[in-house]
Amino acid sequence: MSVPSNLKYTKDHEWVSIEGDIATVGITHFAQKELGDIVYVEVETLDQTLDKDEVFGTVEAVKTVSDLFLPLSGEIIAFNDDLESAPETVNSDPYGAGWMIKVKIANPAEIEELLSDASYKELIGA
């Protein structure tokens, strides 16, 4: 199971890539595998400022709908529009083309609370 070492992770199975004060967020390989075939990704929080751990959207698979939790406080500045027509990209490329949102980080200290790849592997038993 893929757990890239250059990313940070949450206990809720989101991954975070940080460049300066912008965080790119998606769900992990583990999460997409557990959900199964993803048929819809909904993010209605674009241009909103949310706190860490607030729900920023949902991901719908064939048999379930799951909330998506914001890993860092900040303003949601971008949504991956490609997911509207091709939500299955989250299954095929969760760490690349399947990214979901970009966030302007409000509190950089929260980055330290995210899991390392080793900690995330331990969490999922990988």
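Residues numbered from 1 in each chain as written. Predicted model: local features only at pLDDT ≥ 70, side-chain atom pairs only at ≥ 80, totals over all residues. Heavy atoms only, no water.

Undergrad: Mind showing me how you'd approach the UniProt feature "domain: Lipoyl-binding" (unreviewed entry) in the chain here?
TA: Annotation from UniProt places "domain: Lipoyl-binding" (unreviewed entry) at residues 22–104. Summarising residues 22–104: 18% helix, 42% strand, and an end-to-end C-alpha distance of 5 Å. (UniProt positions renumbered as here; feature names shortened; annotations may be inferred. Helix = DSSP H or I, 4+ residues; strand = E, 2+ residues; numbered from the N terminus.)

Undergrad: Can you walk me through unusual backbone geometry in this structure?
TA: Within the chain, H13 stands out as a residue other than glycine whose phi angle is a positive 75°. Assignment of secondary structure puts H13 in the loop between β1 (8–9) and β2 (14–19). Not every positive phi belongs to a glycine, and D53 is a case in point at roughly 75°.

Undergrad: How should the pairing of strand β6 (residues 55–61) be read in this particular structure?
TA: The two faces of a sheet get side chains in turn, since along a regular strand they alternate between them. Where burial is concerned, most of β6 is hidden: five out of the seven residues are buried. Two elements, strand β4 (residues 38–42) and β6, share four bridges in a ladder whose sense is antiparallel. Within β6, the position partnered with V41 by the bridge is V59. Counting the residues between successive antiparallel strands, the hairpin from β6 to strand β7 (residues 65–69) contains three residues. (Buried < 20%, exposed > 50% of the residue type's maximum accessible area, 1.4 Å probe, protein only. Pairing = 2+ DSSP bridges.)

Undergrad: Help me understand the pairing of β2, please; the structure alone is not making it clear to me.
TA: With two bridges joining them, β1 and β2 adopt antiparallel strand pairing. Of the residues in β2, the one forming a bridge with Y9 is W15. Two successive antiparallel strands, β1 and β2, enclose a turn made up of four residues, where H13 displays a positive phi of approximately 75°. Relative to strand β3 (residues 22–27), β2 runs antiparallel, the two being bridged by six bridges. Along β3, the bridge assignment pairs S17 with T24.

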